[in-house]
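Understanding the architecture of this molecule
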Amino acid sequence: MSESRTQVAVVGAGPAGLMLSHLLHLRGIESVVLEARSREDIEATIRAGVLEQNTVDLMVETGVGDRLKAEGYEHHGVEFRFGGRGHRIAFDELVGRAVTVYPQHEVNKDLIARRLADGGDIRFGVSDVQVHDHLTDRPYLTYTDAQGNPQRLDALLVAGCDGSRTGTRGLIPAPQVRTDHFRQYPFAWLGILAEAPRSSEELIYARHERGFALISTRTADVQRHYLQVDPDDDVANWSDDRIWSELHARVDGEGAEIKDGRIFEKSILQFRSFVCEPMQHGNLFLAGDAAHTVPPTGAKGLNLAVADVFVLARSMDEYLTRGDRGRLDGYTAEVLPRVWRAQHFSWWMSSMLHAHPGSSPFDNKRQDAELDAITRSVAGRTLIAEQYTGWPLV
């Protein structure tokens, strides 16, 4: 078995793991990133992305924001549609911030390119990753590299950034130490990518008795739209004609008309909320989807991952360079309040905008009244704008 050593071993090369490795490098701390997928697979897996202002600022300030600034679409508001009419939430006027539509896989490309340009160590295509002795001050990992050779990696700290199908989370014993908070929602999204002109310059969140719809954009010629469907539905049940017909029915009206095109991708996205407490155990620290997931309605997933590792990188730096473990030991307590705020916002947006199975006419009218109260009030619109554009990283 070949052996190597680093200061921080990072499991997972998604946004959390890559950004953590990047931030640690800027602080002069070595890391090795272990990733099961190939670089090509990571960069080709298309994922949506709405970046909060603080995420954008961090990427620009740390040198990975050039393509983001050139190719991302800055949105200064969103539109809530209900009752056939649109109601704009003007972020710039209400809170002086914006969000940027920039897909997650593009973020991954930028971070991978920068880490490799900086001499970073990302080991793609590994398997059988196991973390050992994380309760000691000498944890180590074993794994099989892309060529099938057994390897050992010694570290001082371990970061579990391996996504919602994480293997590292299981190292925190439940229920003795770990508590899992989980919610399954009674609806899902049918997502499409289509070659079509933009239907709107900003995102449209549409509530309709037939179900929710989200109108988004990817590029000037490629659009990303979503329809609320049953969690047990199948994309085979949705012809292109049916999808466009349903989008028109749920969105079209005063000030909006969906523009059709060729659909080239369809998928069903399940809705779940999850939080793991605590997000650390010994010298193992979880970040991103390994520790929590949110429904996509609030556009918080990637931004939470970035916020986690921003705090974690600073905490690891204080420990590794000055021997001060106070902030590192307090990592969970520092990041969890933000996680729960994001959970609440995502749940609130989902509950307010989706059609709920078994809803009565009273329930439907109550939802419309809630949206009316929020959108007609400056305080209500400001609350949406504050939470949608994001909270400070610290």
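Presented here is an overview of the structure given in this document. Just so you know, these numbers come straight off a predicted model, no measurement behind them.

What counts and what doesn't
- Residues numbered from 1 in each chain as written.
- Predicted model: local features only at pLDDT ≥ 70, side-chain atom pairs only at ≥ 80, totals over all residues.
- Heavy atoms only, no water.
- Core = buried A, V, L, I, M, F, W, Y, C linked by side-chain atoms within 4.5 Å.
- Buried < 20%, exposed > 50% of the residue type's maximum accessible area, 1.4 Å probe, protein only.
- Helix = DSSP H or I, 4+ residues; strand = E, 2+ residues; numbered from the N terminus.
- Contact = heavy atoms within 4.5 Å.
- Pairing = 2+ DSSP bridges.
- Axes fitted to C-alpha atoms, helices over the stretch in contact; angles between N-to-C directions.
- Phe/Tyr/Trp six-rings, centres within 6.5 Å; stacked < 30°, edge-to-face > 60°.
- Lys NZ or Arg CZ within 6 Å of the ring centre and 35° of its normal.
- Expected span 1.5 Å × (residues − 1).
- Arc of directions from axis to C-beta.
- Salt bridge = Lys/Arg side-chain N within 4 Å of Asp/Glu carboxyl O.

Let us look at the nonpolar core. Formed by 68 residues in total, the largest nonpolar core has its most connected members in Val-8, Leu-20, Leu-51, Leu-312, Met-316 and Tyr-331. Tallying contributions element by element places helix H8 (residues 301–322) first for this core, with 11 residues. The residues touching Leu-312, leaving out its near neighbours within four places in the chain, are Leu-20, Ala-159, Phe-285, Leu-328 and Tyr-331. Judged by nonpolar contacts, the second largest core, of 28 residues, contains Leu-203, Tyr-226, Leu-371 and Ile-384.

A word on the sheet that holds strand S11 (residues 140–144). With mixed pairing, four strands are arranged side by side in an open sheet as S1-S12-S11-S10. This sheet does not close on itself; its edge strands, each paired only once, are strand S1 (2–5) and strand S10 (127–132). When the angles between neighbouring strand axes are averaged without regard to direction, this sheet yields 20°. Across five bridges, the pairing between S11 and strand S12 (residues 150–154) is antiparallel. When the bridges of S12 are listed, Tyr-143 appears paired with Gln-151.

Counted under the stated rule, the structure contains 13 aromatic pairs. Members of the aromatic cluster, each reached through a chain of ring pairs, are Phe-80, Phe-91, Tyr-185, Phe-187, Trp-189, Tyr-205, Phe-212, Tyr-226, Phe-271, Phe-345, Trp-348 and Tyr-388. Here Arg-152 stacks its cationic end above the ring of Tyr-140, 3.8 Å away from the centre of that ring.

Mapped onto the secondary structure, Thr-382 falls in helix H12 (residues 378–389). Residues in contact with Thr-382, not counting those within four places in the same chain, are Leu-94 and Val-95.

Look at helix H11 (residues 361–376): 22 Å from first C-alpha to last across 16 residues, which is about the 22 Å you get at 1.5 Å a residue. Those residues of H11 lying buried are Asn-364, Gln-367, Leu-371, Ile-374 and Thr-375. With its buried residues spanning 90° around the axis, H11 presents them on a single face. In this structure, H11 carries Pro-361, Phe-362, Lys-365 and Arg-376 as exposed residues pointing more than 90 degrees from its buried face. Contacts made by the buried residues of H11 are with strand S6 (77–82), strand S7 (85–90), helix H10 (331–353) and H12.

The step from Ala-174 to Pro-175 runs through a cis peptide bond, and the omega angle for that step is 5°. In this structure, Pro-175 sits in the loop between strand S13 (157–160) and strand S14 (179–195). In this structure, Pro-278 follows Glu-277 across a cis peptide bond, with omega equal to -5°. In this structure, Pro-278 sits in the loop between strand S18 (262–277) and strand S19 (280–281). Although it is not a glycine, Asp-128 adopts a positive phi angle of roughly 55°. Among the secondary structure elements, Asp-128 is positioned in strand S10. A positive phi angle, near 55°, is found at Ala-299, a position not held by glycine. Inspection of the secondary structure puts Ala-299 in the loop between strand S21 (292–293) and H8. Assessed through its relative accessible area of 14%, Ala-299 is described here as buried.

Moving on: the sheet that holds strand S20 (residues 284–286). Read across the sheet, six strands follow the order S9-S3-S2-S13-S20-S19 without closing on themselves; strand pairing throughout is mixed. Of all strands in the sheet, those bounded by a partner on one side alone are strand S9 (121–123) and S19. Pairing of strand S3 (residues 31–34) with S9 involves three bridges; the strand directions are parallel. Paired with Val-33 across the strands is Ile-122, a residue of S9. Relative to S3, helix H1 (residues 15–26) is tilted by about 170°, and along the sheet it contacts strand S2 (8–11), S3, S9 and S13.

With that out of the way, let us pick up the pairing of S18. Both S14 and S18 contribute to a ladder of 14 bridges, which runs antiparallel. What sits directly across from Trp-189, in S18, is Leu-269. Where S18 meets S21, two bridges bridge the pair, whose relative direction is antiparallel. Considered in S21, the bridge of Val-275 is made with His-292.

Attention now goes to the pattern of salt bridges. Applying the stated criterion across every chain yields a total of 30 salt bridges. Put simply, Arg-67 and Asp-110 hold a salt bridge, and the shortest N to O gap is 2.8 Å. Here Asp-110 lies in helix H6 (residues 104–117) and Arg-67 lies in helix H4 (residues 66–71), a separation of 43 residues in the sequence. Exposure remark for Arg-67: the relative accessible area of 27% places this residue in the partly exposed category.

The element S11 is extensively covered by neighbouring structure, given that five of its five residues are classed as buried. Of the two faces of S11, the one lined by Tyr-140, Thr-142 and Thr-144 and the one lined by Leu-141 and Tyr-143 are each fully buried.

These values are about where atoms sit, not about what they do.
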